Number of protein chains: 2
Amino acid sequence: MDFNYNQEDKALVAVDCIIFGFDEEDLKLLLIKRAFEPEKGKWSLMGGFLKKNETLDVAANRVLSNLTGLNDVYMEQLYGFSKVDRDPVERTISVAYYALINIKDHNPKLLDEHSAQWFSISDVPDLIFDHSEMLSKALERLRRRTSTNPVGFELLPKKFTMRQLQKLYEVILGEELDKRNFQKKIKQMNVLVKLKEKDMTSSRKGSFLYEFDKKRYEEKVSDGFTFKM
Amino acid sequence: MDFNYNQEDKALVAVDCIIFGFDEEDLKLLLIKRAFEPEKGKWSLMGGFLKKNETLDVAANRVLSNLTGLNDVYMEQLYGFSKVDRDPVERTISVAYYALINIKDHNPKLLDEHSAQWFSISDVPDLIFDHSEMLSKALERLRRRTSTNPVGFELLPKKFTMRQLQKLYEVILGEELDKRNFQKKIKQMNVLVKLKEKDMTSSRKGSFLYEFDKKRYEEKVSDGFTFKM
DNA sequence: CCAAAAGTGTTCACAATACACCCATGC
DNA sequence: GCATGGGTGTATTGTGAACACTTTTGG
């Protein structure tokens with residue numbers, strides 16, 4: 001009895017990107033207005049179909065780059081979604097990815113072309129298909145990740161204040177943190193460099209800027225380092 | 001400009017199952033001898049293709065059940081693998097699942113039919129395609145999961161001794177644990193029921209048997225309970 | 001009576017938490 | 001000189017880790 005690959009069912013394979021950003025105030029999600037039927041004009045995650053000669057990672061990066069102009073962004077595969085009728089037109093399996101980007105970095109012209117818009121995470125509209133499910137899974141994963149790995153540097157500008165970093169953790173984790181305890185833990189991680197410069201926009205006194213020491217961080221991660229926020 | 005689903009590339013979608021078992025001694029992996037070309041006769045994870053009217057979860061359960069005769073097994077989606085040439089015959093995306101089963105439970109006749117065999121995790125042969133990569137990802141996930149959720153009850157017989165449970169944790173985590181500390185932590189979780197019965201096979205004195213209180217466990221999990229081993 | 005595994009508590013070190021006041025500056 | 005956000009330390013509690021002796025009983 002020989003096996004024949006041809007008798008098996010094929011499917012379209014898509015990737016959808018949950019794109020998170022942060023604007024000093026709120027965790028945000030980048031959505032597009034869907035440009036074609038079905039569900040044309042509704043809010044949707046940015047997605048695209050996997051091409052013959054691409055891996056899923058490559059496809060997800062392509063999709064993200066089409067919308068934001070960014071490459072080399074932090075991205076992680078999230079989960080495969082496969083309800084039979086999730087796309088009413090064709091059987092489509094979608095593999096969701098989530099990305100963390102610095103909200104200031106993207107190319108606004110591209111956003112316009114896709115009628116894309118940032119939404120506060122607490123104020124996301126209804127999404128097409130199973131995209132809301134994807135979003136909640138991404139949030140869950142981001143929260144867990146945040147409490148075991150220093151994350152969020154991807155979401156901040158290169159230089160940032162402690163206040164901004166703390167605010168970011170607060171919006172991701174959905175709880176307020178104590179200023180002193182937060183700084184203690186962050187300093188223990190030993191992956192920040194305190195600069196001489198101050199940010200003078202937020203207060204009269206000004207607050208010191210920090211940079212993320214990526215090299216030191218990657219050394220630690222490869223040693224299996226995690227922490228507990 | 002309208003969009004046409006038909007111009008997109010389709011692919012075969014497969015599921016592959018990393019099936020873990022435990023035999024009081026070692027963590028084990030269930031492999032089959034591949035029955036068809038390419039790589040016929042080589043060791044492989046049990047897999048199968050996604051059918052038109054199935055979700056990935058359903059397909060993974062079907063595949064597992066074909067090999068073991070078991071349903072209602074603990075199973076979790078792991079990751080989507082998509083290297084372009086991972087299957088040399090046809091473009092195939094594979095979504096890996098891992099399963100935890102009680103090694104005593106399976107149907108030996110079915111194993112025979114697939115020329116399947118259990119291997120100690122420390123002694124796994126070369127696997128076809130990217131299956132070794134799947135396995136290492138599964139092990140990593142199992143280890144992480146084990147240190148935050150009570151796991152492993154799926155891998156044990158219904159009634160088990162503390163010694164067995166500890167041994168299981170030890171082989172999953174790959175380190176020895178202190179008997180007293182282990183019991184303390186497990187008892188804190190409060191999901192075990194100590195039975196009046198003893199297992200007399202392991203020592204003269206005999207050791208008490210325990211059962212897992214699934215209901216209490218599920219209540220806890222839905223309250224967001226995790227622990228640290 | 002002895003071999004072999006089961007069972008059981010305490011101490012110590014470190015990490016998490018709670019908490020409040022002074023500082024620097026622009027206006 | 002005062003209002004605003006920035007910066008800093010300590011005391012308490014809880015949790016993880018290390019550690020050794022007694023019990024049971026079949027042979």
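Residues numbered from 1 in each chain as written. Chains lettered and ligands numbered in written order. Predicted model: local features only at pLDDT ≥ 70, side-chain atom pairs only at ≥ 80, totals over all residues. Heavy atoms only, no water.

Draft legend 1. Expanded view of the overall build of chain A. Across its full length, chain A carries six helices and 10 strands. In chain A, 67% of the contacts between residues at least 6 apart in sequence involve partners at least 24 apart. Summing over all exposed atoms, chain A offers an accessible surface of approximately 11,800 Å²; the carbon and sulfur share of this is 47%. (Helix = DSSP H or I, 4+ residues; strand = E, 2+ residues; numbered from the N terminus. Contact = heavy atoms within 4.5 Å. Areas by Shrake-Rupley, 256 points an atom, 1.4 Å probe, with all protein chains shown as cover.)

Draft legend 2. Broad picture of the UniProt feature "domain: Nudix hydrolase" (unreviewed entry) in chain A. Taking the UniProt record as the reference, the feature "domain: Nudix hydrolase" (unreviewed entry) is found at residues 10-141 of chain A. Strand forms 36% of residues 10-141 of chain A and helix 23%; the C-alpha atoms that close the span are 30 Å apart. (UniProt positions renumbered as here; feature names shortened; annotations may be inferred.)

Draft legend 3. Seen up close, the packing of helix α4 (residues 162-173) of chain A against helix α5 (residues 179-189) of chain A. All names here are of chain A. For the pair α4 and α5, the least separation of the axes is 11 Å and the interaxial angle reads 100°. By the angle between their directions, the pair α4 and α5 is classed as roughly perpendicular. Note on element contacts: α5 touches α4 through Lys179, Phe182, Gln183 and Ile186, opposite Met162, Leu165, Gln166 and Tyr169. Residue composition of the contact of α4 with α5, by class: five nonpolar, two polar and one charged. (Axes fitted to C-alpha atoms, helices over the stretch in contact; angles between N-to-C directions. Parallel < 35°, antiparallel > 145°, perpendicular 65-115°, else oblique. Nonpolar A, V, L, I, M, F, W, Y, C, P; charged D, E, K, R; others polar.)

Draft legend 4. Main features of helix α5 (residues 179-189) of chain B. Residues and elements named next belong to chain B. Turning to α5, its buried residues are Phe182, Ile186 and Met189. One side of α5 carries all its buried residues, which in axial view fall inside an arc of 50°. More than 90 degrees from the buried face of α5, the exposed residues found are Arg180 and Gln188. Looking at the buried residues of α5, the elements they touch are α4 (162-173), β9 (192-199) and α6 (214-222). Taking the backbone nitrogen of arginine 180 as reference, a side-chain oxygen 3.0 Å away marks aspartate 178 as the first, capping residue of α5. Asparagine 190 sits one or two residues past α5 and shows a positive phi near 60°. (Buried < 20%, exposed > 50% of the residue type's maximum accessible area, 1.4 Å probe, protein only. Arc of directions from axis to C-beta. Polar contact = N/O pair within 3.5 Å; in protein donor to acceptor, adjacent residues only side chain to side chain.)

Draft legend 5. Region of the structure containing the interface of chain A and chain B. In this complex, chain A contributes 35 residues to the contact, which on the side of chain B involves 35 residues. Between chain A and chain B, the buried area comes to about 3,300 Å², and carbon and sulfur atoms account for 56% of it. Scanning the region where chain A abuts chain B turns up 18 residue pairs in polar contact (both at pLDDT 80 or more). In terms of residue count, the dominant contributor to the side of chain A that touches chain B is strand β1 (residues 10-22) of chain A (four residues). Among the residues forming the side of chain A that touches chain B, the class breakdown is 15 nonpolar, seven polar and 13 charged. Alignment of β1 of chain A against strand β1 (residues 10-22) of chain B, held across three bridges, turns out to be antiparallel. Considered in β1 of chain B, the bridge of lysine 10 of chain A is made with leucine 12 of chain B. (Buried area = accessible area lost by both parts, 1.4 Å probe. Pairing = 2+ DSSP bridges.)

Draft legend 6. Examining the protein's contact with DNA strand D more closely. Taken together, 20 residues form the shell around DNA strand D, and within it Lys179, Lys205 and Phe208 of chain A together with Asn181 and Arg204 of chain B come nearest. Those atoms of DNA strand D that come within 4 Å of the protein belong to sugar or phosphate at a rate of 38%. With respect to DNA strand D, the side chain of aspartate 178 of chain B contributes an N or O atom lying 3.2 Å from a base nitrogen. Contact between DNA strand D and lysine 205 of chain B: a base oxygen at 3.0 Å from a side-chain N or O atom of the residue. Where the surface near DNA strand D is concerned, the elements lending two or more residues are α5 and β10 (207-212) of chain A together with α5 of chain B. Its residues assigned to classes, the surface near DNA strand D shows one nonpolar, five polar and 14 charged. (Near = heavy atom within 4 Å.)

Draft legend 7. Region of interest: the sheet that holds β10 of chain A. Residue and element names in this part refer to chain A. Strands sit in the order β8-β10-β9 across an open sheet of three strands; the sheet is antiparallel. Looking at strand neighbours, the two that pair on one side only are β8 (159-161) and β9 (192-199), the edges of this open sheet. On average, each strand axis in the sheet is tilted by 40° relative to the strand beside it, whichever way the strands run. With three bridges joining them, β8 and β10 adopt antiparallel strand pairing. Paired with lysine 159 across the bridge in β10 is glutamate 211. Strands in contact with α4 are β8, β9 and β10; relative to β8, the strand with the most contacts, it is inclined by about 80°.

Draft legend 8. Up close: the sheet that holds strand β8 (residues 159-161) of chain B. Residue and element names in this part refer to chain B. The strand order across the open sheet formed by three strands is β8-β10-β9, and the pairing between neighbours is antiparallel. With partners counted over all chains shown, the strands left at the sheet margins are β8 and β9, one partner each. Across the sheet, the mean angle from the axis of one strand to that of its neighbour is 40°, orientation sign disregarded. Pairing analysis gives five bridges linking β9 to strand β10 (residues 207-212), with the strands arranged antiparallel. Bridge assignment links leucine 192 to a residue of β10, and that residue is phenylalanine 212. Across the sheet, α4 touches β8, β9 and β10, and the angle it forms with β8 is around 80°.

Draft legend 9. Representation of α4 of chain B in the model. Residues and elements named next belong to chain B. Taking 1.5 Å per residue, 12 residues should reach 16 Å; α4 reaches 16 Å between its end C-alpha atoms and fits that length. Of all 12 residues that make up α4, 10 are buried, and the element is covered over most of its length. Taken together, the buried positions of α4 are Met162, Gln164, Leu165, Gln166, Leu168, Tyr169, Glu170, Val171, Ile172 and Leu173. (Expected span 1.5 Å × (residues − 1).)

Draft legend 10. Spatial organisation of the protein's contact with DNA strand C. Residues in contact with DNA strand C amount to 21 residues; listed here are only the nearest, Asn181 and Arg204 of chain A together with Lys179, Arg180 and Lys184 of chain B. When atoms of DNA strand C within 4 Å of the protein are sorted by moiety, sugar and phosphate together comprise 40%. Between a base nitrogen of DNA strand C and a side-chain N or O atom of lysine 179 of chain B, the distance comes to 2.9 Å. One of the side-chain nitrogen or oxygen atoms of lysine 205 of chain B is found 3.1 Å away from a base nitrogen of DNA strand C. Residue assignment for the surface near DNA strand C shows that the elements contributing at least two residues are α5 of chain A together with α5 and β10 of chain B. Across the surface near DNA strand C, the residue classes tally to one nonpolar, five polar and 15 charged.

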